[in-house]
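# Commentary on secondary and tertiary structure
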Amino acid sequence: MPVPRPLRERCREFLGVDGEIRYIFPAAAYGGGAGFIFVVTDDQVAVISTGPLSRSTPKTIWGSYPRGTRIGPVETGAGASFEFAGAVFELDDEYVPVVNAADAEIFARDSLPRDPLPDL
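Let us look at the structure shown here. Please read these numbers as outputs of a predicted model, since none were measured by experiment. (Residues numbered from 1 in each chain as written. Predicted model: local features only at pLDDT ≥ 70, side-chain atom pairs only at ≥ 80, totals over all residues. Heavy atoms only, no water.)

With that settled, the discussion passes to the overall build of the chain. Scanning the chain from terminus to terminus reveals two helices and six strands. Its helices and strands in sequence order give the chain the pattern α-β-β-β-β-β-β-α, from N to C terminus. Taken against the 2.2 N^0.38 rule, which gives 14 Å for 120 residues, the C-alpha radius of gyration of the chain at 14 Å falls within 12% of a compact globule. Summarising its shape, the C-alpha atoms of the chain cover approximately 45 × 35 × 25 Å along the three principal directions. Carbon and sulfur atoms form 53% of the exposed surface of the chain, whose accessible area is close to 7,000 Å². Taking the average place of the 11 positive charges on the side chains of the chain and the average place of its 17 negative ones, the gap between the two points comes to 4 Å. (Helix = DSSP H or I, 4+ residues; strand = E, 2+ residues; numbered from the N terminus. Rg over C-alpha atoms; globule rule 2.2 N^0.38 Å. Areas by Shrake-Rupley, 256 points an atom, 1.4 Å probe, with all protein chains shown as cover. Lys, Arg positive; Asp, Glu negative; His and termini not counted. Charge placed at Lys NZ, Arg CZ, Asp CG, Glu CD.)

For the rest of this paragraph, the subject is the side chain of glutamate 105. Here glutamate 105 lies in helix α2 (residues 96-107). Its relative accessible area of 10% is what places glutamate 105 among the buried residues. Polar contacts involving the side chain of glutamate 105 include one to the side chain of tyrosine 23, which spans 3.2 Å. (Buried < 20%, exposed > 50% of the residue type's maximum accessible area, 1.4 Å probe, protein only. Polar contact = N/O pair within 3.5 Å; in protein donor to acceptor, adjacent residues only side chain to side chain.)

With 33 residues, the main nonpolar core has Phe25, Phe38, Val39, Ile71, Phe82 and Leu91 as its most contacted residues. Broken down by secondary-structure element, the contributors of at least two residues to this core are α1 (5-15), β1 (21-29), β2 (35-41), β3 (44-51), β5 (80-84), β6 (87-91) and α2. In terms of residue count, β1 provides more of this core than any other element does, six residues in total. Once residues within four sequence positions are removed from consideration, isoleucine 71 is found in contact with Phe25, Val40, Val45, Phe82, Glu83, Phe84, Val99, Ala102 and Asp103. (Core = buried A, V, L, I, M, F, W, Y, C linked by side-chain atoms within 4.5 Å. Contact = heavy atoms within 4.5 Å.)

Moving on, we come to α2. Over its twelve residues, α2 extends 16 Å from the first C-alpha to the last, a length consistent with the 16 Å expected when each residue adds 1.5 Å. Its buried side turned inward, α2 meets β1, β5 and β6. (Expected span 1.5 Å × (residues − 1).)

Summed over the entire model, instances satisfying the criterion amount to five salt bridges. In this structure, the salt-bridge partner of glutamate 20 is arginine 22, at a minimum N-O distance of 3.7 Å. Of the residues examined, glutamate 20 reaches a relative accessible area of 47% and is grouped as partly exposed. Of the charged contacts, one joins glutamate 105 and arginine 22 as a salt bridge, the two residues approaching to 2.3 Å between their closest N and O atoms. Taken together, the residues glutamate 105 in helix α2 and arginine 22 in strand β1 connect sequence positions 83 residues apart. (Salt bridge = Lys/Arg side-chain N within 4 Å of Asp/Glu carboxyl O.)

So, in structure tokens, the structure goes:
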């Protein structure tokens, strides 16, 4: 399920990002607790904390990393999880392809499908 447009716009305003948001997905601290939103732009991977009570209201920037930072791999099995910047995060299974695509765009560009309409 895509991230709702209002949340995308709140993240854009919160980060002061004028450029395109390439990927965005929610995650939570492993085992429960704080919620986070990962926002991937052309320049950075920003991790925004939403606090323990909300998954849709940006509160603070937890960290900002260069776009070349790998987010995954995502471990699946008893729930999807990944380690990033020394912390472990959980995410809904539906967002695993988003993490994989964000990483593939930088680290395995040849594995992405060819743009069917490159002139648009």
